[in-house]
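Analysis of the macromolecular model
So you can see what is in the structure, the chains are spelled out below.
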Amino acid sequence: MSNFFRKALKPVLYIISFAVISLLLFYITLFSSLPPLEEIMDMKMQIPMRVYTQDKKLIAVYGVQKRSPISFDKIPDTLKNAFIAAEDERFYRHHGVDYIGLLRAFKNIILSRGEIKQGGSTITMQVARNFYLTSEKTISRKLREIMLAYKLERHLSKEKIFELYMNKIYLGNGAYGVVAAAQVYYGKNLSNLNLAQIAMIAGLPKAPSKYNPIINKEKALQRRNYVLKQMLENNYISRDVYDNAIIQPSTVGLNSGKVDFDAPYVGEMIRIWMEKKYGKEIYSHGYDVITTIKSDLQDAANRSLVNNLENYDLRHGYRGPEATYNLSLDLKENIDNYLNNFFEVNGNLPAVVLDVQDNIIKVYSKKKKLIDIPIYNILIKDKYLKQSYKQEIKNFKSILSKGDVIRIKEYNNIWFLSQIPKVNGALVSIDSNSGAITALSGGYDFKLSKFNRVILAKRQPGSVVKPFIYSAALNKGYTPASIINDEPKFFSGKTQSNTWAPKNYDNEYYGPVRLRFGLVKSLNMVSIELLENIGIDYVIDYLQNFSIPIENMPKDLSLALGTGEITPIQLAESYAYFANGGYAIKPYLIEQVRMRENNKIIYVENPIRVCTNPCDFMSLDALQFPNARSVEEIEKLREKAGTPRIALQKLDPRNMYQMVSMMKDVITQGTASAANVLNRSDIAGKTGTTNDQKDAWFVGFNRDIVTVSFVGFDKNTSLGSTEYGSTTALPIWIDYMAVALRGKPMSDLEIPDGLESVVIDSSTGLLSSSKTQHSIVEIFKKESIPELVNKENKNNEKKYKSLDDLIDQLF
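One structure accompanies this document, and this report is about it. Remember, predicted model here, so these are calculated numbers, not experimental data. (Residues numbered from 1 in each chain as written. Predicted model: local features only at pLDDT ≥ 70, side-chain atom pairs only at ≥ 80, totals over all residues. Heavy atoms only, no water.)

1. Quick look at the overall build of the protein
Along the backbone of the protein there are 25 helices and 26 strands. The buried share of the protein, taken over its 811 residues, is 52%. Sequence separation of at least 24 residues holds for 69% of the intrachain contacts in the protein that already meet a minimum separation of 6. Only carbon and sulfur atoms are counted for the fraction: they give 51% of the accessible area of the protein, which is about 38,600 Å². (Helix = DSSP H or I, 4+ residues; strand = E, 2+ residues; numbered from the N terminus. Buried < 20%, exposed > 50% of the residue type's maximum accessible area, 1.4 Å probe, protein only. Contact = heavy atoms within 4.5 Å. Areas by Shrake-Rupley, 256 points an atom, 1.4 Å probe, with all protein chains shown as cover.)

2. Some remarks on helix α23 (residues 653-669)
If you check α23, its first and last C-alpha atoms are 24 Å apart, about what 17 residues at 1.5 Å a residue would give, namely 24 Å. With 13 of 17 residues buried, α23 lies mostly within the body of the structure. Its side-chain oxygen 2.9 Å from the backbone nitrogen of R654, D652 forms the N-cap of α23. (Expected span 1.5 Å × (residues − 1). Polar contact = N/O pair within 3.5 Å; in protein donor to acceptor, adjacent residues only side chain to side chain.)

3. Some thoughts on the packing of helix α16 (residues 466-475) against helix α18 (residues 524-534)
Where α16 meets α18, the closest approach of the two axes is 10 Å, and the angle between their N-to-C directions is 40°. Compared by their axis directions, α16 and α18 come out oblique. In this structure, α16 crosses over α18, and the sense of that crossing is left-handed. Two secondary-structure elements touch here, α16 through K466, I469, Y470, A472 and A473 and α18 through N524, V526, S527, L530, L531 and I534. Taken together, the residues of the contact of α16 with α18 break down into 8 nonpolar, 2 polar and 1 charged. (Axes fitted to C-alpha atoms, helices over the stretch in contact; angles between N-to-C directions. Parallel < 35°, antiparallel > 145°, perpendicular 65-115°, else oblique. Left-handed = near helix turned anticlockwise from the far one by under 90°. Nonpolar A, V, L, I, M, F, W, Y, C, P; charged D, E, K, R; others polar.)

4. Topic: the pairing of strand β22 (residues 684-689)
Buried residues dominate β22, accounting for 5 of its 6 residues. Of the pairings in the sheet, the one linking β22 to strand β23 (residues 696-701) comprises 6 bridges and is antiparallel in character. Looking across to β23, one finds that G688 is bridged to W697. As consecutive antiparallel partners, β22 and β23 are separated by 6 residues, and within that stretch D692 has a phi angle of approximately 65°, a positive value. (Pairing = 2+ DSSP bridges.)

5. Examining unusual backbone geometry
With a phi close to 55°, S522 is a non-glycine residue in the positive phi region. Topologically, S522 is positioned in the loop between α17 (515-520) and α18. Of note, the phi angle at Q693 is positive, near 55°, even though the residue is not glycine. With respect to the helices, strands and loops of the structure, Q693 is situated in the loop between β22 and β23. Under the relative-accessibility criterion, Q693 is labelled buried at 16%.

6. Here we look at the environment of E333
Looking at where E333 falls in the secondary structure, it is placed in helix α14 (residues 332-339). The sequence separation of E333 and K368 amounts to 35 residues, and the corresponding C-alpha distance is 9.7 Å.

7. Quick notes on empty space enclosed by the protein
Taken as a whole, this structure holds 3 cavities of 30 Å³ or more when the rule is applied. Roughly 60 Å³ of volume is contained in the largest cavity. Taken together, E310, D313, L314, N348, K409, Y411, S418, Q419 and P421 make up the lining of the largest cavity. The set of elements that each furnish at least two residues to the lining of the largest cavity consists of α13 (295-314) and β10 (404-411). (1 Å grid on protein atoms, 1.4 Å probe; cavity = no way out; pocket = protein on both sides within 12 Å on 5 of 7 lines; lining within 4 Å. Points joined across faces, edges and corners; volume = space filled by probe spheres on them.)

8. Quick notes on the sheet that holds strand β19 (residues 601-604)
Taken together, the 5 strands give an open sheet; going across it, the order is β2-β1-β5-β18-β19, and neighbouring strands pair in mixed fashion. The open sheet terminates on both sides in strands that have one partner only, identified here as β2 (58-62) and β19. Strand after strand, the sheet turns through a mean of 15° between neighbouring axes, direction not considered. Inspection of the sheet shows strand β1 (residues 49-52) paired to β2 by 4 bridges, in the antiparallel sense. Within β2, the residue paired with Y52 across the bridge is L58. Contacting β1, β2, β5 (287-291), β18 (590-595) and β19, helix α12 (residues 264-278) crosses the sheet at an angle of about 45° to β2. Most of the contacts of helix α22 (residues 631-641) go to β19, to which it runs at about 70°, and overall it touches β18 and β19.

9. A short note on the sheet that holds strand β13 (residues 437-441)
Spatially, β13-β12-β24-β23-β22 is the arrangement adopted by the 5 strands of the open sheet, whose pairing is antiparallel. At either end of the open sheet lies a strand with only one pairing partner, and these are β13 and β22. Neighbouring strand axes in the sheet, compared pairwise and without regard to direction, differ in orientation by 5° on average. Bridging between strand β12 (residues 424-431) and strand β24 (residues 705-712) involves 8 bridges; their strand directions are antiparallel. Directly across from D431, in β24, lies its bridge partner I705. Packed on one face of the sheet, helix α24 (residues 725-740) meets β12, β13, β22, β23 and β24 and runs near 145° to β24.

10. A look at a nonpolar patch on the surface
Taken together, the side chains of F451, I455 and L456 make up a nonpolar region of the molecular surface, amounting to roughly 240 Å² of accessible area. Along the chain, the position of I455 falls in helix α15 (residues 453-456). (Patch = residues over 30% accessible without salt bridge, like charges linked within 9 Å, V, L, I, M, F, W, Y side chains within 5 Å. Salt bridge = Lys/Arg side-chain N within 4 Å of Asp/Glu carboxyl O.)

11. What about the pattern of salt bridges?
Tallied over the entire structure, the rule returns 30 salt bridges. In this structure, the salt-bridge partner of E723 is R315, at a minimum N-O distance of 2.9 Å. With E723 in the loop between β24 and α24 and R315 in the loop between α13 and β6 (323-324), this pair connects stretches of sequence that are 408 residues apart. A salt bridge links D714 to R453; its shortest N-O distance comes to 2.7 Å. Of this pair, D714 sits in the loop between β24 and α24 while R453 sits in helix α15, and the two are 261 residues apart along the sequence.

12. With respect to the nonpolar core
Across soluble globular proteins, nonpolar side chains show a tendency to be buried alongside one another. Of all hydrophobic cores here, the largest spans 127 residues; its most connected members are Y575 and F578. Top contributing element to this core by residue count: α24, with 9 residues. With 51 residues, the next largest nonpolar core counts F72, A82, L156 and A202 among its residues. (Core = buried A, V, L, I, M, F, W, Y, C linked by side-chain atoms within 4.5 Å.)

13. A look at the side chain of S574
Tracing the sequence through the fold places S574 in helix α20 (residues 568-580). Looking at S574, the relative accessible area reads 0%, which means it is buried. Non-local contacts of S574, meaning those with residues more than four positions away in its chain, are made with F468, F546, S547 and I548.

Given below as structure tokens:
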């Protein structure tokens, strides 16, 4: 070889060597940027948290991505074939890269001067891009995608790669994976999809936004039909099957976020608790939370609260329209766009008034319907006056004009004028034996207010605090027959304001009355006199036995009227002592937490439980873990929960029984007599109304269930001079308990040892005698049975300690 050729070849060799070294360095750089093998073999997917009722009905889903993983063997063959036909027909024949498709993609890169217009990606390459790489359309990204695809093919089977693809691929509307897509677009399981629906989903990976069947129905159908054609050409379906599927109409309907029923206040409580315990991973690691909520009771709680808050609002007058729309822009599309600013609230639908006559209005609703509402379809009263005078609305023109934005609601297929209540409230129901919260509604509507009044609303309890004061009196030696004088009284230096002149709510006074009568009639002066007699410090200390937060209670005589602060959930816990005979339990909401992917149990609540002696732990566990499929699973759950915690009896069961007996009379003949509609002899409770009617309460229970209902304005203004616990809160409780107690046997406290029923004089509280005009039976602790005093012969005074002694003397 001549020197000339040597000299000419030398720079060429340098260039080739430099190019090879550069390519090698480029390859090494790209290769080093790929995920390690360990990460490839442990491909974590973001799976949202789901919250369920105790009977496994879905309450809420929390997580950015909607995803439900599925294994390869569970994926229907038709679905596999549809995706392969549409996305990668040579999937089982290549090793991660389809060179024909890749060459086509590179041709487009050259023509577009380096910008990727067409992918040419195989299913394996899509898995690589979706899991580890960005969607940036550059040559370097494409090369990394190819290299990672080869790496996946070397270490994973085709089945595993396809499984990852089915679970990871984004299919629009927040749906990641085919299971989520089936739910979002059709509200179905994969196994229930027909071929046309399968093809629609299989057509989405190419461009989920462009072929979205919700917003681009025509393009989505074109893409679906392309998938069906590919399936036909690849012999996955026959001509007859193809012909039948191609003519099917689109049946898509957005079902994203679908839950079994509405319980957002419960869901938010769970979300906060879970995030505090497990951190932000709850939104992506596939937690399943089983709550103590019972779906039928939660549904009853929602309905009773909403209906009765609306009933309150209806009887307090129409407040007028929410806004006004300019009807000069009367194109239907304009009205539709305007009404999109208002959302439906508990069936109260926004609508624009198109025409107003004396006896009828014509409205256009958000559901794009023209509706006529006659004047007799009015449930709301006229504006509420200070005199509590309410009348029917007689003329539409007096309250409405054209263009007004109003609310309408449908009852029994008839549309009525309505409005969204300003008042709010809460209901919570717990199991008195364990504290399990079986129903909870924290307000009228979560969209309007996320403030959970069950756990956050610190309100004055009013008269529902009186049973605790009466219990303190019984503990200090009083009896249900003890006499207290009910009369007006002026106090000086007994409250923080130094002077005080309290009164009974109706300004009626009865003179000397028994404690039982005082509680039944909720007499304020009796409670105040009782508190003064036994001592404020004593009562404050005694309240702690009921788990009442004494730091929020006043240290003066106003305590007798419930001027402290307490939340509905705290009241439920405190009243559970009466219901279960004096045992301390704690309300709880989460039964267990599992990992969806492997069903691994990571948390089990171990509640404090009331049980008979000796305790039947297996029966108790069966009640706590109703979803357990076997005795073995119950044992695993118990092992996870830990040693059973048995409730301590903190209060005298005789005291509790006497108090329940007195509160039963509140139902049968007192302020809560409306509850007799339930026709139950096992229910007891107490109404509560605060000063100026700012808060209305009812707390009621039987042996197993304690339920608290509350109504009040968030701004703490008056409910109205005619509103009381008995008229405003009690109806909520009744409607709920009608469901909770339906078909349930009577459940009462067992009579504890040390009590005795005695016939007494209803006016004196002493044992009945031959001179007694009105006798009643009262329950006493044996050491507190009253004496009989023969007032006709004081020198020959006779005392009787028991009913048997009295009967012997009289007969």
